[in-house]
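# Overview (structure and organization)
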Amino acid sequence: DVKVTQSSRYLVKRTGEKVFLECVQDMDHENMFWYRQDPGLGLRLIYFSYDVKMKEKGDIPEGYSVSREKKERFSLILESASTNQTSMYLCASSLWAVMNTEAFFGQGTRLTVV
Amino acid sequence: AQKVTQAQTEISVVEKEDVTLDCVYETRDTTYYLFWYKQPPSGELVFLIRRNSFDEQNEISGRYSWNFQKSTSSFNFTITASQVVDSAVYFCALRETSGSRLTFGEGTQLTVNP
């Protein structure tokens, strides 16, 4: 059974803290994605990566960075958490070479910044 | 730039009614891929269907059917004889062949009442 696992389901952090959201996939996928989901705004792409150490900005990268040191792991970093980063964060992975294959999603991390 | 629009924010129907969820997309690519996902209350996105831009054949799977019209850049999703278990947020997504980016629409919250 294919799996994308996010390290936490719920997280509460203080303003100004450095926050790490971890995502691991076991499908040997090249592509990995971080999205945030907010009511009425759908899923907005923060960053994605198509290979180890490769990354591309999505639509809303400000305030975030990412790290991909190993193929199976993609980390989202909030350098200095702010209350407007309170959201649901979703990680996904997909094959790079097979363009019409679907992406697989983790269960999501609901982050609250207080 | 690619864009997906789901104009219906919320739809509420009574069980056994048919319901259509609209999806309109924008892309400069001539080859691209479209997807529908379901997000039940548990939160994890579940893949429903994919469609290649060069395949305009409509598809039916049980109570679900999809109408892809390239001329109007639409990829609509119909649920026939809706059931309470169909209550979820439904997302349409687009992937261009020019990259790995997967772009989602705003989502449509479907509520099926008994």
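Being a predicted model, the structure only gives us computed values, none of them experimental.

### Describing the overall build of chain A
Counting secondary structure elements, chain A contains zero helices and eleven strands. By the compact-globule yardstick of 13 Å for 114 residues, chain A fits well, its C-alpha radius of gyration being 13 Å. For chain A, buried positions account for 51% of its 114 residues. Taking the intrachain contacts of chain A between residues at least 6 apart in sequence as the baseline, contacts between residues at least 24 apart amount to 55%. Summing over all exposed atoms, chain A offers an accessible surface of approximately 5500 Å²; the carbon and sulfur share of this is 51%.

### Details of the overall build of chain B
Secondary structure summary: chain B contains zero helices and twelve strands in total. In summary, chain B has a C-alpha radius of gyration of 14 Å against a globular reference of 13 Å for 114 residues, a match within 12%. Overall, the C-alpha framework of chain B stretches about 45 × 25 × 20 Å when taken along its three principal axes. A fraction of 56% describes how many contacts in chain B between residues 6 or more apart in sequence connect residues 24 or more apart. Here chain B has roughly 5300 Å² of accessible surface; of this, 48% comes from carbon and sulfur atoms. Averaging the locations of the 10 positively and 14 negatively charged side chains of chain B gives two centres separated by 6 Å.

### Quick notes on the interface of chain B and chain A
In this assembly, 22 residues from chain B lie in contact with 28 residues from chain A. Interface of chain B and chain A: buried area, both sides summed, is about 2000 Å²; carbon and sulfur atoms make up 52% of it. For chain B, the biggest contributors to the area lost against chain A are Arg95(B), Ser100(B) and Arg101(B); these three give 30% of the whole. Linking chain B with chain A are two salt bridges. Residue Glu102(A) pairs with Arg50(B) through a salt bridge whose shortest N-O separation is 2.2 Å. Counting the contacts that link chain B with chain A gives nine residue pairs in polar contact (both at pLDDT 80 or more). Those elements giving two or more residues to the side of chain B that touches chain A turn out to be strand E5 (32–39), strand E6 (46–52), strand E10 (88–96) and strand E11 (102–104) of chain B. Considering every element that reaches the side of chain B that touches chain A, the biggest residue donor is E5(B), with four residues.

### Points about the nonpolar core
One broad trend across soluble globular proteins is that nonpolar side chains are buried collectively. The biggest cluster of nonpolar side chains holds 23 residues, and the ones touching the most others in it are Trp36(B), Phe75(B), Phe77(B), Tyr90(B) and Leu110(B). Among the secondary structure elements, those contributing two or more residues to this core are strand E2 (10–14), strand E3 (19–21), E5, strand E8 (64–69), strand E9 (74–79), E10 and strand E12 (108–113) of chain B. With four residues, E10(B) is the largest single contributor of residues to this core. Residue contacts for Tyr90(B): discarding those within four places in its chain leaves Gln6(B), Leu21(B), Trp36(B), Tyr37(B), Lys38(B), Leu48(B), Tyr64(B), Phe77(B), Ile79(B), Gly107(B), Thr108(B) and Leu110(B). Residues Leu21(A), Cys23(A), Ile46(A) and Leu76(A) belong to the second largest nonpolar core, which totals 21 residues.

Here is what the cut-offs are and how they apply
- Residues numbered from 1 in each chain as written.
- Chains lettered and ligands numbered in written order.
- Predicted model: local features only at pLDDT ≥ 70, side-chain atom pairs only at ≥ 80, totals over all residues.
- Heavy atoms only, no water.
- Helix = DSSP H or I, 4+ residues; strand = E, 2+ residues; numbered from the N terminus.
- Rg over C-alpha atoms; globule rule 2.2 N^0.38 Å.
- Buried < 20%, exposed > 50% of the residue type's maximum accessible area, 1.4 Å probe, protein only.
- Contact = heavy atoms within 4.5 Å.
- Areas by Shrake-Rupley, 256 points an atom, 1.4 Å probe, with all protein chains shown as cover.
- Lys, Arg positive; Asp, Glu negative; His and termini not counted.
- Charge placed at Lys NZ, Arg CZ, Asp CG, Glu CD.
- Buried area = accessible area lost by both parts, 1.4 Å probe.
- Salt bridge = Lys/Arg side-chain N within 4 Å of Asp/Glu carboxyl O.
- Polar contact = N/O pair within 3.5 Å; in protein donor to acceptor, adjacent residues only side chain to side chain.
- Core = buried A, V, L, I, M, F, W, Y, C linked by side-chain atoms within 4.5 Å.

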